Amino acid sequence: MDFEAAYESHWVPLFRYVNRMVGDADLAADVVQESFVRLFDQTIPDEEVRRWLFTVATNLVRDDARMAARRRRLLAERYDQSDLSHDPMEAPDQAVVRSERVAAVRAALAQLPERDRQLLLMREEGFRYAEIAKVIEVAPGSVGTLLARAVRRFVKALDPRIVEDETGRGR
């Protein structure tokens, strides 16, 4: 495996994928870096590197989410929740609208089963059905159906006001 070539070709798409999952560029960069650190010691065929990196990054995000949830729970037990969530900076109107849309999409994604979330994010990142099938361990022929169901569940979970704003009409 050519590590430098893997880094050059996979860093940007892996970062986009992770950043969409976590919504924090710094955390995404850390996860991507850790994924590549772990790749460095591996002997993986070139055609498997992309899938391996995305799987490792997904697992790292999952592990981080578990730790963050535990931290929040422990902090909530100790401090008032309102003190932890206050944002002292008020953003301009456009940033607020964008922030609301991002929050609505993240909320909708959070309501989905993990596999649906992973399917949608991998598709958005340009994975082929065969690659997605390997990662989620299903037959390649079922990926299209699973994606269609995931999209329906995502749209159903999405705040109707966001759908209305984007399309100019309700659902």
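Residues numbered from 1 in each chain as written. Predicted model: local features only at pLDDT ≥ 70, side-chain atom pairs only at ≥ 80, totals over all residues. Heavy atoms only, no water.

Undergrad: Lay out the packing of aromatic side chains with the relevant residues and their values.
TA: Throughout the structure, instances matching the rule amount to six aromatic pairs. With a centroid separation of 6.1 Å and 90° between ring planes, the pair formed by Phe3 and Phe36 is classed as edge-to-face. Remark: Phe36 occurs in helix H2 (residues 25–40) and Phe3 occurs in helix H1 (residues 3–22); sequence separation between them is 33 residues. Its relative accessible area of 3% is what places Phe36 among the buried residues. Both rings, one in Trp11 and one in Phe15, keep their centres 5.1 Å apart while their planes meet at 5°; by these two values the pair is stacked. Of this pair, Trp11 and Phe15 are both found in helix H1, four residues apart, which corresponds to roughly one turn of the helix. (Phe/Tyr/Trp six-rings, centres within 6.5 Å; stacked < 30°, edge-to-face > 60°. Helix = DSSP H or I, 4+ residues; strand = E, 2+ residues; numbered from the N terminus. Buried < 20%, exposed > 50% of the residue type's maximum accessible area, 1.4 Å probe, protein only.)

Undergrad: Before we move on, could you go through the nonpolar core and cite the residues and values that matter?
TA: Formed by 38 residues in total, the largest nonpolar core has its most connected members in Leu14 and Val18. Of all the secondary structure elements, the ones that give two or more residues to this core are H1, H2, helix H3 (46–78), helix H5 (93–111), helix H6 (114–124), helix H7 (129–136) and helix H8 (143–157). Among the elements that take part in this core, H3 stands out by supplying seven residues, more than any other. Look past the residues within four positions of Val18 in its chain and what remains in contact with it is Gly23, Ala28, Val31, Val32, Ala57 and Val61. (Core = buried A, V, L, I, M, F, W, Y, C linked by side-chain atoms within 4.5 Å. Contact = heavy atoms within 4.5 Å.)

Undergrad: If you had to explain the packing of H7 against H8 to someone new, which residues and values would you point to?
TA: Interaxial distance between H7 and H8 falls to 10 Å at its minimum, and their mutual angle equals 80°. For the element pair H7 / H8, the angle class is roughly perpendicular. Each of Tyr129, Ile132, Ala133 and Ile136 in H7 lies in contact with H8, whose residues at this interface are Val143, Gly144, Leu146 and Leu147. Among the residues making up the contact of H7 with H8, the classes are represented as seven nonpolar, one polar and no charged. (Axes fitted to C-alpha atoms, helices over the stretch in contact; angles between N-to-C directions. Parallel < 35°, antiparallel > 145°, perpendicular 65-115°, else oblique. Nonpolar A, V, L, I, M, F, W, Y, C, P; charged D, E, K, R; others polar.)

Undergrad: Could you give an account of H7, with specific residues and numbers?
TA: Along H7, the residues that are buried comprise Glu131, Ile132, Ala133, Val135 and Ile136. Remark: Glu137 follows H7 within two positions and exhibits a positive phi of approximately 60°.

Undergrad: Describe the packing of H1 against H6, listing the residues and the values that go with them.
TA: Orientation of H1 relative to H6, taken along the N-to-C sense of each, is 140°, at an axis distance of 10 Å. Overall, the two elements H1 and H6 adopt an arrangement that is oblique. For H1 against H6, the interelement crossing comes out right-handed. Between H1, through Tyr17, Arg20 and Met21, and H6, the contact on the second element is made entirely by Gln118, Leu121, Met122 and Glu124. A class-by-class count of the residues in the contact of H1 with H6 yields four nonpolar, one polar and two charged. (Left-handed = near helix turned anticlockwise from the far one by under 90°.)

Without other data, these values stay purely geometric and don't point to any function.
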